[in-house]
Amino acid sequence: PPQPTHPANITPRPTPTPLVCASNGLGLTGAINTCATAAPDKTSTCSVSVSGHVLDAVLRLAGSQQVFLLYIEINSGFYTGPGMYYLPPWQFGLGTNDVPKVAVLQSTTGTFWESVAGVVNVTGGDGRSGNVNAILQASSVGVQASNGSTVLPGPTLSVIGPWSCP
């Protein structure tokens, strides 16, 4: 049977040059190249429970005539308040208590990008703001094809900049 490609044998793609965005802008670079800023409305939510050790944010952003949803999820067992949270590759989808996660939903295409590396820094004492520096890949990467071979990594999306709950 075909053997999966070991990550050490995959040639990394060049890291995109980060955009210079406004101080309140989030740079999306790679498969998308735009600066996005908060576009709060009823779809932006932020739930932080220090006692429950959970940070769950969905932030609506706009840039380049597109709308994006930024998801930040740090669940029980990980969230302890302000600080840095490393973003390992996902084990399970959003809403599953496994590892800290960042994701972006691109509204125009429906592409769902999930973090594979990086860090979320929670800076606000109330847990409602911070910075993100993450590398995301389309959610279909890393899955196994029906023949057992690992699907090679696809395009990446770097997400760098501040975030803030409404």
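Residues numbered from 1 in each chain as written. Predicted model: local features only at pLDDT ≥ 70, side-chain atom pairs only at ≥ 80, totals over all residues. Heavy atoms only, no water.

Visitor: What is the right way to look at the pattern of salt bridges in this model?
Guide: Close approach of charged atoms lets side chains of opposite charge pair. Scanning all chains against the criterion turns up 2 salt bridges. For Lys101, the salt bridge is made with Glu73, and the minimal N-O distance between the two is 3.8 Å. Separated by 28 residues along the polypeptide, Lys101 in strand 7 (residues 101-106) and Glu73 in strand 5 (residues 66-74) bring together distant segments of the chain. There is no split in this pair, since Lys101 and Glu73 are both buried. Among the charged side chains, a network of salt bridges with common partners joins Glu73, Asp98 and Lys101. (Salt bridge = Lys/Arg side-chain N within 4 Å of Asp/Glu carboxyl O. Helix = DSSP H or I, 4+ residues; strand = E, 2+ residues; numbered from the N terminus. Buried < 20%, exposed > 50% of the residue type's maximum accessible area, 1.4 Å probe, protein only.)

Visitor: What is the right way to read the state of the cysteines from this model?
Guide: Two cysteines, two sulfur atoms, one covalent bond between them: this is a disulfide. Tallied over the full model, the rule gives 1 disulfide. Disulfide pairing places Cys21 opposite Cys35 at an S-S distance of 2.0 Å. Negative torsions about the S-S bond denote left-handed disulfides, and the value of about -85° found for Cys21 with Cys35 makes this one left-handed. Here Cys21 is found in the segment before strand 1 (26-30), whereas its partner Cys35 is found in strand 2 (residues 34-38), with 14 residues between them in sequence. Residue class for Cys21 comes out partly exposed when judged on its relative accessible area of 21%. A relative accessible area of 31% means that Cys35 is categorised as partly exposed. (Disulfide = S-S within 2.5 Å.)

Visitor: Any chance you could explain the confidence of the model for the chain here in plain terms?
Guide: Low pLDDT means the predicted atomic positions in that stretch should not be read closely. Residues at a pLDDT of 70 or more form 73% of the chain, whose mean pLDDT is 78. Across the chain, element-level confidence peaks in strand 6 (residues 83-86) with a mean pLDDT of 95 and bottoms out in strand 3 (residues 45-49) with 68. For residues 1-12, every residue scores under 50 in pLDDT, and the model assigns this stretch 8 contacts once sequence neighbours within four places are set aside. The low-confidence segment residues 141-151 (pLDDT under 50) makes 16 contacts with residues lying over four places distant or belonging to another chain. (pLDDT = per-residue confidence, 0-100. Contact = heavy atoms within 4.5 Å.)

Visitor: Got a minute to help me understand the side chain of Lys101 in this structure?
Guide: On the basis of relative accessible area, Lys101 is assigned to the buried category, the value being 0%. Of the polar contacts made by the side chain of Lys101, one reaches the backbone oxygen of Phe92; its length is 3.1 Å. Leave out the neighbours within four places in its chain, and Lys101 touches Tyr71, Ile72, Glu73, Leu87, Trp90, Phe92, Gly93, Leu94, Thr96 and Ser115. (Polar contact = N/O pair within 3.5 Å; in protein donor to acceptor, adjacent residues only side chain to side chain.)

Visitor: Hey, could you run me through the packing of aromatic side chains in this one?
Guide: Any aromatic ring pair is given by two values, namely how distant the centres are and how the planes are angled relative to each other. Using the criterion set out here, one finds 3 aromatic pairs in the structure. Centroid distance Tyr79 to Tyr85: 5.7 Å. Interplanar angle 25°. Geometry classified as stacked. Considered together, Tyr79 and Tyr85 belong to a single accessibility category, that of buried residues. Chaining the aromatic ring pairs together yields one cluster made of Tyr71, Trp90 and Phe112. Its guanidinium or amino end placed over the ring of Trp90, Lys101 lies 5.3 Å from that ring's centre, counting from NZ or CZ. (Phe/Tyr/Trp six-rings, centres within 6.5 Å; stacked < 30°, edge-to-face > 60°. Lys NZ or Arg CZ within 6 Å of the ring centre and 35° of its normal.)

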